[in-house]
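# Breakdown of the fold
Listed below are the residues making up each chain.
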Amino acid sequence: MSAKSVLHLWDHVDSLRFVDWILIQCYMGWRPQELAKLKIADVHLDEGYIIGGMKTIAGKNRIVPIHSKILNLVKKNYETSLELGSEYLFNDPSAVKGGMTITYDK
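Residues numbered from 1 in each chain as written. Predicted model: local features only at pLDDT ≥ 70, side-chain atom pairs only at ≥ 80, totals over all residues. Heavy atoms only, no water.

## A look at the side chain of S81
Structurally, S81 can be placed in helix α4 (residues 71-84). Side-chain polar atoms of S81 contact the backbone oxygen of Y88, separated by 2.6 Å. Non-local contacts of S81, meaning those with residues more than four positions away in its chain, are made with I40, S86, Y88, L89, F90 and N91. (Helix = DSSP H or I, 4+ residues; strand = E, 2+ residues; numbered from the N terminus. Polar contact = N/O pair within 3.5 Å; in protein donor to acceptor, adjacent residues only side chain to side chain. Contact = heavy atoms within 4.5 Å.)

Right, here's the structure in full:
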């Protein structure tokens with residue numbers, strides 16, 4: 001992704017749905033399914049990292065630092081998850097089908 005594309009995403013972080021998720025994915029390097037399966041229990045805001053990953057031995061349970069530029073985006077999703085009573089970091093409470101949990105298909 002080019003720097004211009006990332007800047008364009010930042011321009012719309014508050015106006016377009018899911019842009020914050022895309023930015024978190026870009027800055028942290030999660031695969032789509034890894035992003036969807038992140039649990040709030042694995043988010044360590046005070047220490048500045050998230051534990052997650054899948055697919056390979058090296059990729060599982062890896063510690064990924066939260067970049068300072070996206071820390072507020074992660075915090076916002078974390079707080080929303082707590083309010084919803086969800087165990088997952090990313091949720092879509094307005095989803096019509098399949099509940100609010102995010103999946104690769106969604």
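The structure having been displayed, the exposition proceeds.
## Thoughts on the pattern of salt bridges
Taken as a whole and assessed by the stated rule, the structure comprises 4 salt bridges. D92 is the salt-bridge partner of R17, the closest N and O atoms lying 2.5 Å from each other. Of this pair, R17 sits in the loop between α1 (3-11) and α2 (19-28) while D92 sits in the segment after α4, placing them 75 residues apart in sequence. Taking the relative accessible area as the measure of exposure, R17 reaches 52% and is therefore exposed. (Salt bridge = Lys/Arg side-chain N within 4 Å of Asp/Glu carboxyl O. Buried < 20%, exposed > 50% of the residue type's maximum accessible area, 1.4 Å probe, protein only.)

## Quick look at the nonpolar core
Among the nonpolar cores identified, the biggest contains 20 residues, and I24, M28 and I50 are the most heavily contacted of them. Only α2 and α4 provide two or more residues apiece to this core. Tallying contributions element by element places α2 first for this core, with 5 residues. Here I24 is in contact with G29, W30, L35, I70, L73, V74, N77 and F90, once residues within four sequence places are set aside. (Core = buried A, V, L, I, M, F, W, Y, C linked by side-chain atoms within 4.5 Å.)

## Description of the packing of aromatic side chains
The tally for this structure, following the rule as stated, stands at 3 aromatic pairs. Relative to W21, the ring of F18 has its centre 4.6 Å away and its plane inclined at 45 degrees; by these criteria the two rings are tilted. The class of F18 is partly exposed, set by a relative accessible area of 30%. Taking the relative accessible area as the measure of exposure, W21 reaches 11% and is therefore buried. Residues W21 and F90 carry aromatic rings whose centres are separated by 5.3 Å and whose planes lie at 65 degrees to one another, so their mutual orientation is edge-to-face. Of this pair, W21 sits in helix α2 while F90 is found in the segment after α4, placing the two residues 69 residues apart along the sequence. Aromatic ring contacts, followed pair by pair, group F18, W21 and F90 into a single cluster. (Phe/Tyr/Trp six-rings, centres within 6.5 Å; stacked < 30°, edge-to-face > 60°.)

## Concerning the packing of α2 against α4
Two elements in contact, α2 and α4, have axes whose closest approach is 10 Å; the angle formed by their N-to-C orientations is 125 degrees. Of the possible angle classes, the one that applies to α2 and α4 is oblique. The way α2 lies across α4 gives a crossing that is left-handed. The segment α2 lies against α4, with D20, W21, L23 and I24 engaging L73, V74, K76 and N77. (Axes fitted to C-alpha atoms, helices over the stretch in contact; angles between N-to-C directions. Parallel < 35°, antiparallel > 145°, perpendicular 65-115°, else oblique. Left-handed = near helix turned anticlockwise from the far one by under 90°.)

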